[in-house]
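# Observations on chain architecture
So you can see what is in the structure, the chains are spelled out below.
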Amino acid sequence: MSITVLGVNHRTAPLEVRERFAHTAGEVPQSLARVLAAGARGGVLLSTCNRTEFYLAEPEDAVPEAVWTLLSERLGVGRSASEYGYIQRDRDAVRHLYRVSAGLDSMILGEPQIQGQVRDAWDVSKAQAGPVLHRLFQSALLVGARVRSETGLATGAASAPSAAVAVAGKIFTQLAGRSALILGAGDIAELAATCLVSEGVRVTLVANRTYERAKAIAEELGARALTLDEAWDHFGDCDIVLSSTAAPHAVVTWDRVAPAIGRRGGRPLCILDLAVPRDVEPAVAQLENVFLYDLDDLQAVAAHAAAERRDDIPAAERIVTEEVERFWGWYGGLAVVPVLREFRERLEAVRAAELERTLRRLPHLSAEDRAQIEYFSQALLNKFLHQPTVALKEAARAGRGYGLLDALKRLFGLERRDGT
Amino acid sequence: MVFTTHLVALGLYALATVLVLAPFAGLRPAPRGLLLGVPIAGIVAHGLGVARLIPFMGVAPTLSLLALFLALFQVASEAAFRASAVGVFTGPLATGLIGLALLIGLVPDASPVVGRSPWSILHITISILGLAMLALAFIAAALYLLQFRALKAKRFGQVFRLFPPLERLDQLNHLSLVVGFPTVTLGVLLGFGVRYAGGVSVDAAQVVWGMLMWLVLGWAVGVRVVRHWAGRRAAFASIASFAAVLLVYLALKLTTPGTERFL
């Protein structure tokens, strides 16, 4: 009886490796089936851009090798996944999942997406999870929710794209329905645009130095494509400008945009300059009701939120510890009954065999004497079993059953599965 | 009864103020239920007390009525605009005004009062409601300017995090002015009605102050609605208006000191 997690995350493997390990929802059942075939009673595969982890119930000794082999195949010849990986067992494995679900193990502390990713992993693996991992993932989601509601770990915007949303959200009453103009086609701008779109912002215009590239992105976002020179006039009508061109100097200058901004009638304009070097001339920020933020500013917002979140780590860790003990209490108790039954059956078999041998050597005994000896052996066995049974049940109630059970199994060679 | 209900309201408003200010001291923000529930409980107690102060004779009952409207606006701002930061101003103001009213003495003058007809009471109530709306416009404008400054200067501290978005503050300012102006207009008209139709003598100071409030509020609404001022300019206009009304009141009050009359 055990729970094990094997995997890699953003701390142990570079992006290039994590990308190869990432599983789509369609790939999960097949990979899990391969691992379970090596000997485990249940499995859940959690795969995000920052981690690929196999959670396994009662894995046999061959299972870790099966996991590393499966992952190594994605790395290519001559490379082993195990050098990037980690294994945690039992309480540590439970604690690990709870920390993951709470966002304590995330690259951006407390980020909320992981909660949904844990839920998705559980959904995709449900057919192969088994009862213990079902319970474990169910409780992990509750732990995540509890940490988020009882601590400040999820407050604020702790990444640059989410900081962009937070800053825009402090200018406009609501972001839904606002129009955005995207300048350039940088990855960060695309990520920030995705964050804004998820808040209901409409990307209406995409401008780029090359019209074809602008058209490709505009089609993806349902927007209209423009060249950069056509874009300046639209500073007068959009609410948010997201800039991320690859230009070596500022392209959004006072001269180009001030006339259009002057026609806004005091309506605020939020300009998010995510390019390095910056796309927007700092003087543009001097225009009335223009709010200009560059990548450093957004990172300052994110760092502020992250620093505040760090203050909540001890409280979050306390919740995790409390919930690990609660789960372990349940898990330990779950195993006591079948192991005790197995223990009793094993000793009962020994008693029956020894009784039969003894009685064979004493054929002269009367039926009454034979019954007395059988009664004696039964009573002796019950006496021997009483104290271990009581101690195990008490330990299970206190959440300490697993250690005693493990000792019992090792001492008496109880190898049979306990059905959990 | 009047004293007790005011004392209870004072305690609850003070608690509501502490709840609003707590996040600025680095403490965890209070649940929204508490941010709304505590001042509402205060308003209930306060309302019971204010009902006993009719016909609002003297400075203390008028201050108490003003405090009640400010507390009501605090709750309304949080409920409709999620602008708990309004309580940064209204909380201490309402608490302070009740405290001041208690210090001055809330018990109405026992001597019979001429001119305290229902119309007169309505005139006082509506005028004070208009004044409270002008105060709310001032508060929204002040919050706007603080948030504007934080956003322009890229200071991502407590003002940035705890104050509402600029646009919402601008809307709150706009709404208070647009609703406040007809309210003050009605208050002024009722005042004239009480004076000319009711034949009640009214001090020149009251007329001057009432007309000034109406003109100033009218100007603030005019620049917003007719000249389409918004944002920072409109915020400055609201602050200037409220400051003018307050300063003129203080100046007039200095000429006729005493707590028997509001003016």
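Up top is the structure these notes are about.
Summary of the structure given here. (Residues numbered from 1 in each chain as written. Chains lettered and ligands numbered in written order. Predicted model: local features only at pLDDT ≥ 70, side-chain atom pairs only at ≥ 80, totals over all residues.)

### A few points about the interface of chain B and chain A
How big an interface is tends to be reported as the loss of accessible area on association of its parts. Counting from both sides, the interface comprises 14 residues of chain B and, opposite them, 16 residues of chain A. Among the elements of the structure, α5 (118-152) and α7 (166-196) of chain B are those that each provide at least two residues to the side of chain B that touches chain A. Considering each element in turn, the side of chain B that touches chain A owes the most residues, 4 residues, to α7(B). A per-class count over the side of chain B that touches chain A returns 6 nonpolar, 3 polar and 5 charged. (Contact = placed C-beta atoms within 7 Å. Helix = DSSP H or I, 4+ residues; strand = E, 2+ residues; numbered from the N terminus. Nonpolar A, V, L, I, M, F, W, Y, C, P; charged D, E, K, R; others polar.)

### Some thoughts on the sheet that holds strand β3 (residues 51-57) of chain A
The pairing of strands in a sheet comes from backbone hydrogen bonds and takes either a parallel or an antiparallel form. All names here are of chain A. The 4 strands are arranged β2-β3-β1-β4 in an open sheet whose pairing can be described as antiparallel. Two strands close off the open sheet at either side, each with one partner strand: β2 (42-47) and β4 (86-89). Here the average twist between neighbouring strands, direction ignored, is 15°. Relative to β3, strand β1 (residues 3-9) runs antiparallel, the two sharing 7 bridges. Bridging across to β3, Val5 finds its partner in Tyr55. Where helix α2 (residues 28-37) meets the sheet, it contacts β2 and β3, and its direction lies at approximately 135° from that of β2. (Pairing = 2+ DSSP bridges. Axes fitted to C-alpha atoms, helices over the stretch in contact; angles between N-to-C directions.)

### Some remarks on the sheet that holds strand β8 (residues 240-243) of chain A
Residues and elements named next belong to chain A. With parallel pairing, the 6 strands of this open sheet are ordered in space as β7-β6-β5-β8-β9-β10. Where the open sheet ends on each side, the last strands, each with one partner, are β7 (224-227) and β10 (290-294). Averaged over neighbouring strand pairs, the angle between their axes works out to 20° when direction is ignored. Sheet analysis places strand β5 (residues 179-183) next to β8, joined by 4 bridges and oriented parallel. When the bridges of β8 are listed, Leu181 appears paired with Val241. Helix-sheet contacts for helix α8 (residues 211-221) involve β6 (202-208) and β7, and the interaxial angle to β6 is about 170°.

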